[in-house]
4 protein chains.
Amino acid sequence: MANDDKLLYPVIAVNDAETKHFFDNRYGTGQSTLDGITRATNILWAGRRVVVAGYGWCGRGVASRARGMGSHVIVTETNPIRALEAVMDGFTVMKGIDAAKVGEVFITVTGGFHAIGREHIEAMPSGAILANSGHFNVEIDIPALEEMATAHREVRPFVEEYSMKDGRKLYLLGEGRLINLAAAEGHPSAVMDMSFANQALSAEFIVKNQGKLAAGVHGVPIETDREVGRLKLESLGVGIDSLSAEQQRYQESWEEGT
Amino acid sequence: MANDDKLLYPVIAVNDAETKHFFDNRYGTGQSTLDGITRATNILWAGRRVVVAGYGWCGRGVASRARGMGSHVIVTETNPIRALEAVMDGFTVMKGIDAAKVGEVFITVTGGFHAIGREHIEAMPSGAILANSGHFNVEIDIPALEEMATAHREVRPFVEEYSMKDGRKLYLLGEGRLINLAAAEGHPSAVMDMSFANQALSAEFIVKNQGKLAAGVHGVPIETDREVGRLKLESLGVGIDSLSAEQQRYQESWEEGT
Amino acid sequence: MANDDKLLYPVIAVNDAETKHFFDNRYGTGQSTLDGITRATNILWAGRRVVVAGYGWCGRGVASRARGMGSHVIVTETNPIRALEAVMDGFTVMKGIDAAKVGEVFITVTGGFHAIGREHIEAMPSGAILANSGHFNVEIDIPALEEMATAHREVRPFVEEYSMKDGRKLYLLGEGRLINLAAAEGHPSAVMDMSFANQALSAEFIVKNQGKLAAGVHGVPIETDREVGRLKLESLGVGIDSLSAEQQRYQESWEEGT
Amino acid sequence: MANDDKLLYPVIAVNDAETKHFFDNRYGTGQSTLDGITRATNILWAGRRVVVAGYGWCGRGVASRARGMGSHVIVTETNPIRALEAVMDGFTVMKGIDAAKVGEVFITVTGGFHAIGREHIEAMPSGAILANSGHFNVEIDIPALEEMATAHREVRPFVEEYSMKDGRKLYLLGEGRLINLAAAEGHPSAVMDMSFANQALSAEFIVKNQGKLAAGVHGVPIETDREVGRLKLESLGVGIDSLSAEQQRYQESWEEGT
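Residues numbered from 1 in each chain as written. Chains lettered and ligands numbered in written order. Predicted model: local features only at pLDDT ≥ 70, side-chain atom pairs only at ≥ 80, totals over all residues. Heavy atoms only, no water.

Observations regarding the overall build of chain A
Here comes step 1: Scanning chain A for helices and strands turns up eleven helices and ten strands.
Here comes step 2: Expressed as a percentage of the 258 residues in chain A, the buried residues total 56%.
Here comes step 3: In chain A, the share of contacts with a sequence separation of at least 24, taken over all contacts with a separation of at least 6, comes to 65%.
Here comes step 4: In the structure as shown, chain A presents an accessible area of about 11,000 Å², 52% of it carried by carbon and sulfur atoms.
Here comes step 5: Computing the positive centroid from 25 side-chain charges and the negative centroid from 34, chain A places the two 5 Å apart. (Helix = DSSP H or I, 4+ residues; strand = E, 2+ residues; numbered from the N terminus. Buried < 20%, exposed > 50% of the residue type's maximum accessible area, 1.4 Å probe, protein only. Contact = heavy atoms within 4.5 Å. Areas by Shrake-Rupley, 256 points an atom, 1.4 Å probe, with all protein chains shown as cover. Lys, Arg positive; Asp, Glu negative; His and termini not counted. Charge placed at Lys NZ, Arg CZ, Asp CG, Glu CD.)

Structure (structure tokens):
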């Protein structure tokens, strides 16, 4: 809308605040995705081959927590730099089609379209579990799944068993919608508090600067972002240092200095 | 009973099988304890100070999974060797009273009595969560907690809020009973299968050896234990090697050899 | 220089390439810092309290690897958002002065000035080891250390023992210079290859675009950065996917779409 | 010797003390094995496929530390229960021959014979690194390696490059002898102290009990073992609890109790 000059008032992109996407996406999604799948299926994570499609902030969170539960995590990516980070972080990286052949649980967090498509569904072993924790229910090609199945039925709440033509059984969770919202309680309040704080302080910022902000998209002011971080640390009883005048001076004269 | 000559028939101590206590206690309890607490409270584990009382098989499982979710894990122990293992495994080890002062979530897995006693309850910060995943509801001194409180009420299913005389609020989960059974679904089937296999194969062993086994407590035969392990690996699609004749020979002549 | 209009030709800031600072700083510094300290001291990392000053890319690498070796890692920071990330990543965060009292090994990776100052040196327990893996030998206040000591001597190569007036012994490694270069071999070639590839391809880019680039500082072109990542993955035998035309379209029409 | 009635005096098996093999083998070997390989080769561990042959105490240590450095760890085993533990601990478990095809670094810690044999050497990719941290230099079939090679030469200290008939290059470290002793400094003193304490206290025990101990092999008395653990904790400044009389009573009346 901004690009098309159709945004007629100032807007703050709260989602881009560091205290929003660093925390909510990574730590919130990481935990609550596993939580949703556990509640839906009661699977044991230890020793299980878990395929995480996408290694953005959400993907990192999910991969890290799945490893923390003892799973063997396989990451698929289309961005080579992210793929390389996943490798160096100790995860196995594969093409989607190779991952499809060996995975037991598949979690999409790409924010994209058909991260799990027809060819992946064809390759999956019987018993595979499919869940989405990305944006919308288009990350898994559900129409293809339905077309390839002869029947489906709910075997537990949020668990739909698809009987495939070749005899395999595949399990789609929560109709492919965000599994942490479908089968669990979403993000814990301890991570939503920062997101809400950013929203509240941004709204206040707009009010206080009425008439001074141009129409268009603005970032959350860095001072607001840091203030949210500072308040959160305080509430956790965690103390940090501040730069001394001398350290500040050194930091600023950095290039000339040493 | 065996010690008192009152056990009049042969019994197999299935719980001592390696494919039982190594797996069920460690991987089962580890995951399901956190699961129970998450379902009861929806807390964020990342960044939280979690005190695990006891570093036996269950304690290791709980400590390891809590760390895997991003918690800061503090272990308390009475056995110096276990305490040292916890230190070397990267956990913070403290006396119970020191842990009580800084912990946010307390989980008892000692199999003992009053691992959390009156003095610990006195020292805990307001907001502390208390859960038991050991044996019985005597690991937390609940009578002391009730006596020290002025009132209590259920704030969520399985979460009882105690208002203390000094104004603090403490939260006891599942009445101090096994939290994974109280608030979650207990162990996943993927870990109970081995426990049940041991029971079935041990029952078969007793039947097949009718009249040959003395009255008293017998261990699960090592062959049965290994067979359960072998079958489980097979079901997971994991292949392992067997010793060649030459390797077998080397292993047996070990002491003389080299 | 660019800001002062004194940069008379185009320059590419290779250090800012993602395939440079994400990898070299994080995985290279992480490993080689521990390697340098191990070679200098032969300490056991398991169970040791390691203070990492700074949680930038280098600090994350060092903290993560120290935890991987079984250490208890304490992070100090001045930036609240980074401090909060460290907390959520499961590290203990403290003020520098509190960390000084309990740490056993201190590693500076702030890129700043006197991250370990006089007051920290005063508070450290006897036996503490001090190493720098940040930028220059000003991260530790060495003049203060020397002034506070009555004598110093080399007890092993790269290990200088300072006898303090109050009887404590402190150990400064590699004269406070980059410990991975001082006492080990610097970064492994498997991480420097990407840094060098960026340099070579950037030089080629400048030559090919002679006369077209304005004087000033340019970033590494994103295509170059990705190409380096792609080549590295290929050399590791790791395959990744590319976006299909349909996925590309979905990604671009993102905002309107769903 | 004891079995053959040839042991004519009492002996204490210090190696079986918990404060010996739990710590020295696991934490000592884990760290120092990686240290030896790093010093010999300066490889980057992050993202590397490391095959650990054997999942006993040493193997656990090595696998855990390699993961801690960001490696992808593959375990091979012949004991199904240990193999299953490795799976549940999040490691990939394979047959040796399958691991040989994909590994980049191979570490033997089986205590056995030819854990890496001719068929594995044949399957390894060019560039593979072979190191032993088990007992003797028979874990890798070096005679086979030499026979299959056309030439070999030292390319760095402790690194012998074998040129294979098919053109591959394989790298044997430290002549297949214990790599932590060959290329590094062996175990850190912080873990050997407990081994030496056990030896000293066991010698004292034998002297004090002169004439009372039968000829044959005795275990380290549990009191000695715990005392070593207790002293070590004290030296680390770590406090633990002791059981109250009431807790002791509960523990002993365990079976009848609840």
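That covers the picture; the talk isn't over yet.
Here we look at helix α8 (residues 189–208) of chain C
Here comes step 1: With 20 residues, α8(C) should cover 28 Å at 1.5 Å per step; its first-to-last C-alpha distance of 28 Å lies within 8% of that length.
Here comes step 2: Buried within α8(C) are the following residues: C:A190, C:V191, C:M194, C:S195, C:N198 and C:S202. The arc that holds the buried residues of α8(C), viewed along the axis, is 165 degrees, so those residues lie on one side. Of the residues in α8(C), the exposed ones pointing more than 90 degrees away from the buried face are C:S189, C:V207 and C:K208.
Here comes step 3: Check the buried side of α8(C) and you find it contacts α3 (80–88) of chain A together with β1 (10–12), α1 (18–41) and α9 (222–235) of chain C. (Expected span 1.5 Å × (residues − 1). Arc of directions from axis to C-beta.)

A closer look at the nonpolar core
Here comes step 1: A:I37, A:W45, C:F23 and D:F23 are the most contacted members of the largest nonpolar core, which has 92 residues in total.
Here comes step 2: Excluding residues within four positions of it along the chain, A:I37 makes contact with A:N42, A:I43, A:W45, A:V105, A:I107, A:A131, A:L173 and A:I179. (Core = buried A, V, L, I, M, F, W, Y, C linked by side-chain atoms within 4.5 Å.)

Digging into the relation of the copies chain C and chain A
Here comes step 1: Of the transformation superimposing chain C on chain A, the axial component is 0.0 Å and the angular component is 180 degrees, with the fit at an RMSD of 0.1 Å. The symmetry that links the two subunits is that of a two-fold axis.
Here comes step 2: Comparing interface residues between copies, 100% of those in chain C also lie at the interface in chain A; the contact surface is shared. (Least-squares fit on C-alpha atoms with pLDDT ≥ 70 in both.)

Observations regarding the sheet that holds strand β7 (residues 149–156) of chain A
In a beta sheet, neighbouring strands are held together by backbone hydrogen bonds and run either parallel or antiparallel to one another.
All names here are of chain A.
Here comes step 1: Spatial strand order, β4-β3-β2-β5-β6-β9-β8-β7: eight strands in an open sheet with mixed pairing. The open sheet terminates on both sides in strands that have one partner only, identified here as β4 (92–93) and β7.
Here comes step 2: Across two bridges, the pairing between strand β6 (residues 129–132) and strand β9 (residues 169–173) is parallel. For L130, the partnering residue across the bridge sits in β9 and is L172. (Pairing = 2+ DSSP bridges.)

What to know about the interface of chain B and chain A
Here comes step 1: Between chain B and chain A, the residue contacts involve 25 residues of the former and 25 residues of the latter.
Here comes step 2: Summed over both sides, the interface of chain B with chain A buries roughly 2,200 Å², with 50% coming from carbon and sulfur.
Here comes step 3: For the chain B face of the interface with chain A, the top three residues by lost area are B:Q31, B:L44 and B:M69, together amounting to 27%.
Here comes step 4: Where chain B packs against chain A, one counts two salt bridges. (Buried area = accessible area lost by both parts, 1.4 Å probe. Salt bridge = Lys/Arg side-chain N within 4 Å of Asp/Glu carboxyl O.)

Digging into the interface of chain C and chain A
Here comes step 1: Contact with chain C, which involves 50 residues of that partner, is made by 50 residues of chain A.
Here comes step 2: Between chain C and chain A lies a buried interface of about 4,400 Å² when both sides are counted; carbon and sulfur atoms form 69% of it.
Here comes step 3: Summed over the shared surface of chain C and chain A, the number is two salt bridges.
Here comes step 4: When the shortest N-O distance is used, the salt bridge between A:E85 and C:R26 registers 2.5 Å.
Here comes step 5: Here chain C and chain A share 16 residue pairs in polar contact (both at pLDDT 80 or more) between them.
Here comes step 6: If you list the elements that add at least two residues to the side of chain C that touches chain A, you get α1, α3 (80–88), α9 and α10 (245–252) of chain C.
Here comes step 7: Its residues placed into classes, the side of chain C that touches chain A shows 23 nonpolar, 14 polar and 13 charged. (Polar contact = N/O pair within 3.5 Å; in protein donor to acceptor, adjacent residues only side chain to side chain. Nonpolar A, V, L, I, M, F, W, Y, C, P; charged D, E, K, R; others polar.)

As for the pattern of salt bridges
Here comes step 1: This model, assessed by the stated rule, comprises 64 salt bridges over all chains.
Here comes step 2: The salt bridge involving B:R39 is made with B:D35; its shortest N-O contact spans 3.0 Å. Linking B:R39 with B:D35, this pair stays in helix α1 (residues 18–41), spanning four residues, or about one helical turn.
Here comes step 3: A relative accessible area of 6% means that B:D35 is categorised as buried.
Here comes step 4: Between D:R230 and D:E227 there is a salt bridge, with its nearest N and O atoms 3.2 Å apart. Of the two residues, D:R230 and D:E227 are both situated in helix α9 (residues 222–235); the distance of three residues between them amounts to about one turn of the helix.
Here comes step 5: On the basis of relative accessibility, which here comes to 36%, the residue D:R230 falls in the partly exposed class.
Here comes step 6: Salt bridges here are not isolated pairs; linked through shared partners, they connect A:D35, A:R39, A:E185 and B:R156.

Regarding the UniProt feature "domain: S-adenosyl-L-homocysteine hydrolase NAD binding" (unreviewed entry) in chain A
Here comes step 1: Under the present numbering, the feature "domain: S-adenosyl-L-homocysteine hydrolase NAD binding" (unreviewed entry) in UniProt falls on residues 25–186 of chain A.
Here comes step 2: Structurally, residues 25–186 of chain A comprises 38% helix and 24% strand, and the distance from its first C-alpha atom to its last is 11 Å. (UniProt positions renumbered as here; feature names shortened; annotations may be inferred.)

Observations regarding the packing of aromatic side chains
Aromatic ring pairs are defined here through the distance separating the ring centres and the angle between the ring planes.
Here comes step 1: Counted by the stated rule, this structure contains 20 aromatic pairs over all chains.
Here comes step 2: On the numbers, 6.5 Å between centres and 55 degrees between planes, the contact of B:F22 with B:F23 is tilted.
Here comes step 3: Note on B:F23: relative accessible area 0%, which makes it buried.
Here comes step 4: Joined through ring pairs, the aromatic side chains of A:F22, A:F23, A:Y27 and A:W57 make up one cluster.
Here comes step 5: The cationic tip of B:R60 hangs over the ring face of B:W57; the distance from NZ or CZ to the ring centre is 5.4 Å. (Phe/Tyr/Trp six-rings, centres within 6.5 Å; stacked < 30°, edge-to-face > 60°. Lys NZ or Arg CZ within 6 Å of the ring centre and 35° of its normal.)

Some thoughts on the relation of the copies chain B and chain A
Here comes step 1: Mapping chain B onto chain A calls for a rotation angle of 180 degrees and an axial translation of 0.0 Å; the resulting RMSD is 0.0 Å.
Here comes step 2: Here 100% of the contact residues of chain B are again contact residues in chain A; the copies associate through an equivalent surface.

Focus: the environment of B:E252
Residue and element names in this part refer to chain B.
Here comes step 1: With respect to the secondary-structure elements, E252 resides in helix α10 (residues 245–252).
Here comes step 2: A residue is classified by how much of its surface remains accessible, and E252, at 57% relative accessible area, is exposed.
Here comes step 3: Put simply, E252 and G112 are 140 residues apart on the chain and 41 Å apart in space, counted from C-alpha to C-alpha.

So, the pairing of strand β2 (residues 49–53) of chain B
Residue and element names in this part refer to chain B.
Here comes step 1: Within β2, four of the five residues are buried, which leaves it mostly tucked inside the rest of the structure.
Here comes step 2: As paired elements, β2 and strand β3 (residues 72–76) share five bridges and run parallel to each other. When the sheet's bridge partners are listed, R49 is paired in β3 with H72.
Here comes step 3: On the question of chirality, the crossover connecting β2 to the parallel β3 by way of helix α2 (residues 57–68) is right-handed.
Here comes step 4: The sheet contact formed by β2 and strand β5 (residues 105–108) spans four bridges and is parallel. Counted as the bridge partner of V50 is V105 from β5. (Right-handed = clockwise from strand over helix to strand, strands pointing away.)

Details of the side chain of B:T41
Residue and element names in this part refer to chain B.
Here comes step 1: Position of T41 relative to the elements: it lies in helix α1.
Here comes step 2: Of the residues examined, T41 reaches a relative accessible area of 17% and is grouped as buried.
Here comes step 3: Side-chain polar atoms of T41 contact the backbone oxygen of I37, separated by 2.7 Å.
Here comes step 4: With residues near it in sequence (within four places) discarded, T41 still touches I129, R156, V159 and L173.

Quick word on the sheet that holds strand β4 (residues 92–93) of chain B
Here comes step 1: Reading across from one edge, β4-β3-β2-β5-β6-β9-β8-β7 (chain B) is the order of the eight strands in this open sheet, with mixed pairing throughout. Single-partner strands in this sheet number two, and they are β4 and β7 (149–156) of chain B.

Some words on the packing of α1(C) against helix α1 (residues 18–41) of chain D
Here comes step 1: Two numbers describe how α1(C) lies on α1(D): the axes approach to 11 Å, and their chain directions differ by 100 degrees. With respect to α1(D), the element α1(C) is oriented roughly perpendicular. Packed against α1(C), whose contacting residues are C:Q31, C:D35, C:T38 and C:R39, the element α1(D) presents D:Q31, D:D35, D:T38 and D:R39 at the interface.
Here comes step 2: Here the contact of α1(C) with α1(D) is built from residues that sort into no nonpolar, four polar and four charged. (Axes fitted to C-alpha atoms, helices over the stretch in contact; angles between N-to-C directions. Parallel < 35°, antiparallel > 145°, perpendicular 65-115°, else oblique.)

Quick notes on the pairing of strand β3 (residues 72–76) of chain A
Residue and element names in this part refer to chain A.
Here comes step 1: Burial analysis of β3 places five of its five residues in the buried class, which makes it a mostly covered element.
Here comes step 2: Side-chain alternation along β3 places H72, I74 and T76 on one buried face and V73 and V75 on a second face that is also buried.
Here comes step 3: Where β3 lies against β4, two bridges are found, and the strand directions are parallel. Among the inter-strand pairings, I74 is bridged to a residue of β4, identified as T92.
Here comes step 4: Tracing the backbone out of β3, into α3 and back to the parallel element β4 gives a crossover that is right-handed.

Some details on the side chain of C:S202
Residue and element names in this part refer to chain C.
Here comes step 1: By the secondary structure assignment, S202 is in helix α8.
Here comes step 2: The class for S202 is buried, based on a relative accessible area of 3%.
Here comes step 3: A distance of 2.7 Å separates a polar side-chain atom of S202 from the backbone oxygen of N198.
Here comes step 4: Setting aside chain neighbours within four positions, we find S202 in contact with I12, V14 and V220.

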